[in-house]
Amino acid sequence: MAAEKAILCVLFEEFSEPDEIGINTCLILQNTLDVTVTALAVQNKREHPNRVKGFVETVANYCDPTFASHFGMKRQTFQALCEKVGPFLVSVTLDTPKKLLCSIWLLANQESFGGVAERFDMSKGTLHYIFSDICEVLCTLRNEYIRWPREDEYANLANGFQDKTGFPGVIGAIDGTHIPIPAPTLRRNSYINRKGHASIHLQAVCTSQMMFLDVYTGWPGSVHDAWVFQNCPLYGHLQDVEVYHLLGDSAYPLSTSLITPYRDNGHLSRRQNFFNTLHSSTRDVIERAFGLLKGKWRRLKYLPMEDVKKVPVVITAACVLHNFLLKEEGLHYQDCEELDGNNDNHDCQPGHPENTLGQRKRDELALVLEKDD
C-alpha cells in the first residue's frame, strides 16, 4: 500500500500548481488520493484481518516461566540457540530472535502456517522461507549434536543402561517411528503404512538418557524397519562392534551387534521370558524418546508438507533441537513420559533367519541375567 500511496503523492505534487491545471483540478486530485489511500487501507485490512502487531515485543516482556511454557525452553537456552544459529542464517531484514521464535512456535504447535504468520505479523510466504532457512541451519549442526560415540565411550554408555535395568553391554536402543504427512500424488502407495495413512519413516538410536546417537529418515512409510536398518549408514558401522550391542524389537534381524527378544512361540523357558521382560524394559527408552520428541515438537504428529523431499529436513531439525535441549537443560526438559504410539512395524521380518552367532550371544546374555536375578 505504501508504494501506491507514494505514486499518487508524486502525481499530485507534479500537477498541483494552480497555474497549470487550476485549483478545481487540484481538489479533484486531492480527493482521488484520499479515496484511493482509504480503499487500499481497507483492502489491506481485509486481506490481513488478524495480524498481531507487536507480538514479538510482548514475548520479550514474558517472565521466564511464561516464556518456557510457550516456547518449550528456558530464555537462556533460547539465547544460546540464537547465538548458535545466527551466524548461519541468510541475511534478510528480520533479526535472528524473531526468525527463531516463529519457527519454534510453528514446530511446537499444530497451528496452521497462516495462523502463525498472522501471530508474528508476516506473510505466509515469508514464514515458509524463514522456517525452511532455520531447519536447514539446524541440519548443518547435526554432526555437533547427533554424533555416534567413539569406541572409548562405549563403556560409559553401557553403564548408563546397566545402572537403570541391569542389562549389560547396551550402547543404545534402536527403533523406527512414523511421521504422518499428506499422501503425495507421486508414488502414493509407497507412503501408505500399515495403519493406512501416509508417512515418512524415522529410525533413531538413543542413550539411556534419551539422547539421540543416530537418526536416519526419508524412507516412505510402507518400508519395513529391518529394510531401513539394513540400508542405513549405521548398519555397516555396527559390523565392527563385538563386545557391545544395540537393543531392538522383533522387527530387526538378530546379530551380535543388535540383540532382539526371543520369538514367543508359547514355549519359552523361564530364562527366556525373564530375558524378554528385561530386554523390553531396557529398550523402551527409545519409544519414550520418540514420545518426548513428538510431545515437544507437536508438528511431527502430522507434518502438512506436500514436498516430501523437504520433510526429512524438518524431522532432522527437530531431532537436533531434541538433543540441543537435553544438552542445555538435561532431563528437566523431559516434560512427558509417554511411549511413542506411532510405530507400525513390531512384527518380525518375514523369512529372515536368525543369526547363529547372534543367537549364541543372546543365550549367553540370558544366562548372565538369570544368575544376576
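Keep in mind it's a predicted model, so treat the numbers as computed, not measured.

Reading the values: rules and limits
- Residues numbered from 1 in each chain as written.
- Predicted model: local features only at pLDDT ≥ 70, side-chain atom pairs only at ≥ 80, totals over all residues.
- Heavy atoms only, no water.
- Axes fitted to C-alpha atoms, helices over the stretch in contact; angles between N-to-C directions.
- Helix = DSSP H or I, 4+ residues; strand = E, 2+ residues; numbered from the N terminus.
- Parallel < 35°, antiparallel > 145°, perpendicular 65-115°, else oblique.
- Contact = heavy atoms within 4.5 Å.
- Pairing = 2+ DSSP bridges.
- Salt bridge = Lys/Arg side-chain N within 4 Å of Asp/Glu carboxyl O.
- Buried < 20%, exposed > 50% of the residue type's maximum accessible area, 1.4 Å probe, protein only.
- Polar contact = N/O pair within 3.5 Å; in protein donor to acceptor, adjacent residues only side chain to side chain.
- Nonpolar A, V, L, I, M, F, W, Y, C, P; charged D, E, K, R; others polar.

## Topic: the packing of helix 5 (residues 64–71) against helix 7 (residues 96–108)
The geometry of a pair of packed helices is captured by two quantities: the angle between their axes and the separation between those axes.
1) Next: At a minimum axis distance of 9 Å, the contact between helix 5 and helix 7 shows a crossing angle of 55°. Here helix 7 runs oblique to helix 5, going by the angle between their axes. Here Phe67, His70 and Phe71 of helix 5 lie close against helix 7, whose contacting residues are Leu101, Ile104 and Trp105.

## Details of the sheet that holds strand 3 (residues 212–220)
1) Next: In spatial order, the strands read 3-2-1-4-5; together these 5 strands make up an open sheet with mixed pairing. Pairing within the sheet leaves two strands with one partner each, and these edge strands are strand 3 and strand 5 (258–259).
2) Next: Note that strand 1 (residues 170–180) and strand 2 (residues 199–206) share 8 bridges and pair antiparallel. Paired with Ala173 across the strands is Cys206, a residue of strand 2.
3) Next: Packed onto the sheet, helix 11 (residues 154–165) meets strand 1, strand 2 and strand 3 and runs at close to 75° relative to strand 1.
4) Next: Against the sheet, helix 16 (residues 311–329) contacts strand 1, strand 2 and strand 3, and its axis sits at roughly 165° relative to strand 3.

## Description of the pattern of salt bridges
1) Next: Evaluation of the coordinates by the stated rule reveals 11 salt bridges.
2) Next: Residue Arg147 pairs with Glu153 through a salt bridge whose shortest N-O separation is 3.2 Å.
3) Next: With relative accessibility at 38%, the residue Arg147 sits in the partly exposed group.
4) Next: The closest approach of N and O atoms between Arg150 and Asp152, which form a salt bridge, is 3.2 Å.
5) Next: In this structure, a network of salt bridges that share partners links the residues Arg147, Arg150, Asp152 and Glu153.

## Some points on the environment of Arg147
1) Next: As for its position among the elements, Arg147 is in the loop between helix 10 (142–145) and helix 11.
2) Next: C-alpha of Arg147 to C-alpha of Val215: the two residues are 68 residues apart in sequence and 9.3 Å apart in space.
3) Next: Beyond its immediate stretch of four places on either side in the chain, Arg147 contacts Glu153, Phe212 and Leu213.
4) Next: Separated by 3.2 Å, the side chains of Arg147 and Glu153 make a polar contact.

## Describing the packing of helix 14 (residues 270–283) against helix 17 (residues 356–372)
1) Next: As a packed pair, helix 14 and helix 17 sit with axes 9 Å apart at the nearest point and diverge in direction by 90°. Classified by the angle between their axes, helix 14 and helix 17 sit roughly perpendicular to one another. Residue-level inspection shows Arg270, Arg271, Phe274, Phe275 and Leu278 of helix 14 in contact with helix 17, the latter providing Arg362, Leu365, Ala366, Leu367, Leu369 and Glu370.
2) Next: Class assignment for the residues of the contact of helix 14 with helix 17 results in 7 nonpolar, no polar and 4 charged.

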